[in-house]
Amino acid sequence: MKTVSVVIPNYNYAKTLALCLDSVYAQTHPPAEVIVVDDGSTDASRDVIRRYPCTLLESPGNQGVSAARNRGVAASTGEVLFFLDSDEALAPDALANAVALLDADPGLGCVHGILADTPLIDDGPVEHYKVLHAHFWRVRGAGETATAFFAQAAVPRRVFDEVGPFDERLRDSEDLEYSERLAARYRILLTDRIVAHHDDEDRLGRVLREQFRRSQQLVPTVLAARRQRSAGLKANRPLGILSVGLALVTLPLAVTALWPVPLACVALFVAADPGLARFVAARKGTLFLGYFLLLHLLTHVALVAGAVVGAVRWAAPKPAPTPVRS
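Residues numbered from 1 in each chain as written. Predicted model: local features only at pLDDT ≥ 70, side-chain atom pairs only at ≥ 80, totals over all residues. Heavy atoms only, no water.

Trainee: So what's going on with the state of the cysteines? Which residues, and what values?
Mentor: Two cysteines, two sulfur atoms, one covalent bond between them: this is a disulfide. In this structure the tally under the stated criterion is zero disulfides. With no disulfide of its own, C110 has C20 as its nearest cysteine by sulfur position, at a separation of 17 Å. You can call C110 buried: its relative accessible area is 0%. (Disulfide = S-S within 2.5 Å. Buried < 20%, exposed > 50% of the residue type's maximum accessible area, 1.4 Å probe, protein only.)

Below you can see the structure in the form of structure tokens.
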């Protein structure tokens, strides 16, 4: 039986840590070791971790998830590395299924999983929006892909040693950068046989700010995917993004006789992903679907705004390096 090292980076997730660790120790394929890297938490995280028979590594300050994962790997000994975020709890067969999939196909460099359609801790309707959307697009994208998300992912140690560590300079989009290096050598599988419940963001303001921040990497990410001719995972339909962009551009027409133009763009957005709408309606009813679509529209506005800001920064002339005088 393959030995598995579970590596959990943590920063101020005392709220979910016990649920996360309980799920790891309840696995049908018991982990050989569990390593929690506390990345400078200021809450009660370390007190929670010390209640479990895991290895606790304490960072002197917040160094980012890439550094935390690398430190956990360096301290581990398992044949398979399973990366798990501290705000998630695994289904009991997650490790067993990950090992089975990797054993069955040596060409796989990573298997990663989907999020359940119910939250780890129910904090209200905003979180339900986030969880339902995250579940749907991952299930829709299941199969071989060029993108890996390391919130619940297994990588053979030999593969990690070959591809190299996470880029510790990155505090965002580190998964995408690692995926580019990984996909150049091995195949990546997104599977519904690895499932985790996630405690997602439950405040709309924070959801929109996070979407704006992450979307600033959209243009360079798309260009990199085209250069590699790879098909990464897509959380949102391109038609939906385009329709919201057009709605924002034509918004001044709302006070003129051409007001139907931005309205038609919004209608196009609503119709852009009928599968998602049917899924949400089936899970939560038509009333919640209206609420869901409103939040979905707002997050797309933040997405488009972030993409525009990111594109401007990406296209702006870069300052010439300062010459070094001998």
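Trainee: Report on the pattern of salt bridges, specifying residues and quantitative values.
Mentor: Overall, the coordinates contain 19 salt bridges when judged by the stated rule. We note a salt bridge from R46 to D38, for which the minimum N-O separation is 2.7 Å. Comparing R46 with D38, the two get one shared label, buried. Residue E58 is joined to R50 by a salt bridge in which the shortest nitrogen-to-oxygen separation is 3.1 Å. Each of D38, R46, D47, R50 and E58 takes part in one network of salt bridges that share partners. (Salt bridge = Lys/Arg side-chain N within 4 Å of Asp/Glu carboxyl O.)

Trainee: Describe the pairing of strand β1 (residues 4-10), naming the residues involved and giving the relevant values.
Mentor: Summarising burial for β1: seven of the seven residues are buried, a large majority. Along β1, one buried face is formed by V4, V6, I8 and N10 and the opposite face, lined by S5, V7 and P9, is buried too. Across four bridges, the pairing between β1 and strand β4 (residues 80-84) is parallel. Counterpart to S5 in the pairing with β4 is L81. (Helix = DSSP H or I, 4+ residues; strand = E, 2+ residues; numbered from the N terminus. Pairing = 2+ DSSP bridges.)

Trainee: Give a detailed account of the packing of helix α10 (residues 238-249) against helix α11 (residues 260-271), specifying residues and quantitative values.
Mentor: Taken N-terminus to C-terminus, the directions of α10 and α11 make an angle of 165°; their axes are 8 Å apart at the nearest point. One element, α10, and the other, α11, form an angle in the roughly antiparallel class. Remark: the crossing between α10 and α11 carries left-handed chirality. On α11, the residues touching L239, G240, S243, V244, L246 and A247 of α10 are P262, C265, V266, L268 and F269. Looking at side-chain class alone, the contact of α10 with α11 contains nine nonpolar, two polar and no charged residues. (Axes fitted to C-alpha atoms, helices over the stretch in contact; angles between N-to-C directions. Parallel < 35°, antiparallel > 145°, perpendicular 65-115°, else oblique. Left-handed = near helix turned anticlockwise from the far one by under 90°. Contact = heavy atoms within 4.5 Å. Nonpolar A, V, L, I, M, F, W, Y, C, P; charged D, E, K, R; others polar.)

Trainee: Hey, could you go over the packing of aromatic side chains for me, with residue numbers and the actual values?
Mentor: If you walk through the whole model with that rule in mind, you get 13 aromatic pairs. Taking 6.2 Å as the distance between ring centres and 10° as the angle between the ring planes, the aromatic pair formed by Y25 and Y52 counts as stacked. Of this pair, Y25 sits in helix α1 (residues 14-25) while Y52 sits in the loop between α2 (45-49) and β3 (55-58); the two residues are 27 residues apart in sequence, bridging distant segments of the chain. Its relative accessible area of 34% is what places Y25 among the partly exposed residues. Here the aromatic rings of F150 and Y178 are separated by 5.4 Å at their centres, their planes lie at 90°, and the arrangement is edge-to-face. Highlighted residues: F150 in the loop between β7 (143-145) and β8 (152-156) and Y178 in helix α7 (residues 174-183), separated in sequence by 28 residues. An aromatic cluster is defined as three or more aromatic residues linked by ring pairs; in this entry it consists of F83, F150, F160, F166 and Y178. Across from the ring centre of F166, 5.3 Å away, lies the NZ or CZ of R69, which sits over that ring. (Phe/Tyr/Trp six-rings, centres within 6.5 Å; stacked < 30°, edge-to-face > 60°. Lys NZ or Arg CZ within 6 Å of the ring centre and 35° of its normal.)

Trainee: So what about the environment of P260? Which residues, and what values?
Mentor: Tracing the sequence through the fold places P260 in helix α11. For P260, a relative accessible area of 38% corresponds to the partly exposed category.

Trainee: Tell me about a nonpolar patch on the surface, residues and numbers included.
Mentor: On the surface, a nonpolar cluster with roughly 330 Å² of combined accessible area is contributed by L239, L242, L246 and L268. Residue contributions to the nonpolar patch peak at three residues, all from α10. Turning to its location among the elements, L242 is positioned in helix α10. (Patch = residues over 30% accessible without salt bridge, like charges linked within 9 Å, V, L, I, M, F, W, Y side chains within 5 Å. Areas by Shrake-Rupley, 256 points an atom, 1.4 Å probe, with all protein chains shown as cover.)

Trainee: Before we move on, can you summarise helix α5 (residues 125-140) with the specific residues and values?
Mentor: The first and last C-alpha atoms of α5 sit 23 Å apart over 16 residues, in line with the 22 Å expected at 1.5 Å per residue. Along α5, 12 of the 16 residues are buried, which leaves the element largely enclosed by surrounding structure. Along α5, the residues that are buried comprise V126, E127, H128, Y129, V131, L132, H133, A134, H135, F136, W137 and R138. Where the residues of α5 are buried, they touch β6 (108-115), β9 (187-198), α8 (204-215), α12 (274-284) and α13 (286-315). (Expected span 1.5 Å × (residues − 1).)

Trainee: Requested: an account of unusual backbone geometry, with residues and values cited.
Mentor: Residue N12 is not a glycine yet carries a positive backbone phi of 60°. Position of N12 among the secondary structure elements: in the loop between β1 and α1. Since its relative accessible area comes to 27%, N12 is described here as partly exposed.

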